[in-house]
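So you can see what is in the structure, the chains are spelled out below.
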Amino acid sequence: MERVAIVLAAGRGERLGSSEPKAFVEVAGHPVLEHSARALAAAPSVDAVLPVLPAGMLDGAESLRAAWDLDTVLLDPINGGKTRQQSVYNAVRWLLEYQPAVCWVWVHDAARCFVSAEDAERVLAAAAKTGAALPVIPIHETVKRVVSGHVSQTEDRRELFLAQTPQVFRLEILREALDKAARDHVQGTDCASLVERLGVEVNVVDGRRENWKLTEAGDLDRAERQFAESRQ
Ligand code: CTP
Ligand code: MG
């Protein structure tokens, strides 16, 4: 096993406001986490999927395996941490200890449940050169920097992009990035930002607007509609 997709599902989903963690909320009849895991598992390069779950939710590991019946190996889920970064760190440390042959990982937000196998393949291909890549999308709106309630600057949006997942890294590079972030007390909102701090060149591929992240309450209706449209 050399290439593993880490699926981050340990968040509480506070902004979504549902009673259960966001990754376990059902859309189109299946948990958000299942949609993400299934899409990644369908990518030919993905050897295994490693779910990262909230503390106390590991009991379901066997039932997940039975219910999902994935096209690839489903590793036993592990516990996440308090922050997204800590959840990634837990997964990376687990892989280094128990799956020493792994050299490439995808890090994916379970909440991006419209990810495709093709996304996973394209980002892996882009990461081959330097060991790191992510999908990005351009910003169409004008971007203002606002400080203390006033515009301090209008940014050049041609140079600005929104980061998506799955992001792909050589496992060793991601470990180094996480170690350095821990030493420097840095919290990043994605993994690529931590790898950038190492001076490693991070490659980009075109992301897809359809691969958005379920975040706020209204997003559940939008996700249901998108699944319904994709079936037509
Ligand atoms: N995540 C995680 N561990 C955490 C926090 C987040 O594995 N401690 C995962 C989430 O499950 C999600 C992804 O990281 O799939 C992106 O995070 P986000 O959209 O912020 O999800 P939540 O943290 O669950 O939502 P919120 O911030 O609204 O509480
Ligand atoms: Mg969060």
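Counting restarts for each chain: residues are numbered from 1 in the order of the written sequence. Chain labels run from A onward and ligand labels from 1 onward, assigned in the order the entries are written. Whole-chain, interface and lining totals are the exception, using all residues; otherwise, since this is a predicted model, local features are given only for residues with pLDDT of at least 70 and side-chain atom pairs are given and counted only at 80 or more. For the side-chain quantities, the full set of heavy atoms in the structure was used; hydrogens and water were omitted.

Caption draft 1: Highlighting the site of ligand 1. The environment of ligand 1 is formed by 18 residues, the closest being Leu8, Glu14, Arg15, Ser87 and Lys213. Taking Arg15, its side chain carries an N or O atom lying 2.8 Å from an oxygen atom of ligand 1. Two N or O atoms count as a polar contact when they lie within 3.5 Å, although within protein this holds only if one can serve as hydrogen donor and the other as acceptor, and sequence-adjacent residues are included solely when both atoms are side-chain atoms. In this structure, an oxygen atom belonging to ligand 1 sits 2.9 Å away from a side-chain N or O atom of Lys22. About the coverage of ligand 1: the protein hides 88% of its 560 Å² of free accessible area. Considering only residue class, the shell around ligand 1 consists of five nonpolar, five polar and eight charged. One heavy atom within 4 Å of a molecule or strand makes the whole residue count as near it. Values of accessible area rely on a 1.4 Å probe in the Shrake-Rupley scheme; residue burial ignores everything except the protein chains shown. We call Asp, Glu, Lys and Arg charged. Ala, Val, Leu, Ile, Met, Phe, Trp, Tyr, Cys and Pro are nonpolar, and the rest, Gly among them, are polar.

Caption draft 2: Molecular detail of the nonpolar core. Remark: nonpolar core denotes a set of buried residues (Ala, Val, Leu, Ile, Met, Phe, Trp, Tyr, Cys) joined through side-chain atoms within 4.5 Å. Each residue's exposure class comes from its accessible area (1.4 Å probe, protein chains only) as a fraction of the maximum for that residue type: buried when under 20%, exposed when over 50%, partly exposed otherwise. Grouped together as the largest cluster of nonpolar side chains are 32 residues, with contacts concentrated most on Leu95, Val107 and Leu174. Those elements that place two or more of their residues in this core are strand E1 (3-8), strand E4 (48-53), helix H3 (84-98), strand E7 (104-109), strand E8 (132-138), helix H5 (171-184) and helix H6 (192-196). Contacts: residue pairs with any heavy atoms within 4.5 Å of one another. Not counting chain neighbours up to four residues away, the residues in contact with Val107 comprise Ile6, Leu8, Arg84, Val88, Thr165, Pro166, Gln167, Phe169, Leu174 and Cys191. Ranked by size, the runner-up nonpolar core spans 31 residues in total, among them Phe24, Val49, Val115 and Ala133. Under the scheme used here, helices are H or I runs from DSSP no shorter than 4 residues and strands are E runs no shorter than 2 residues, and both carry numbers assigned from the N terminus.

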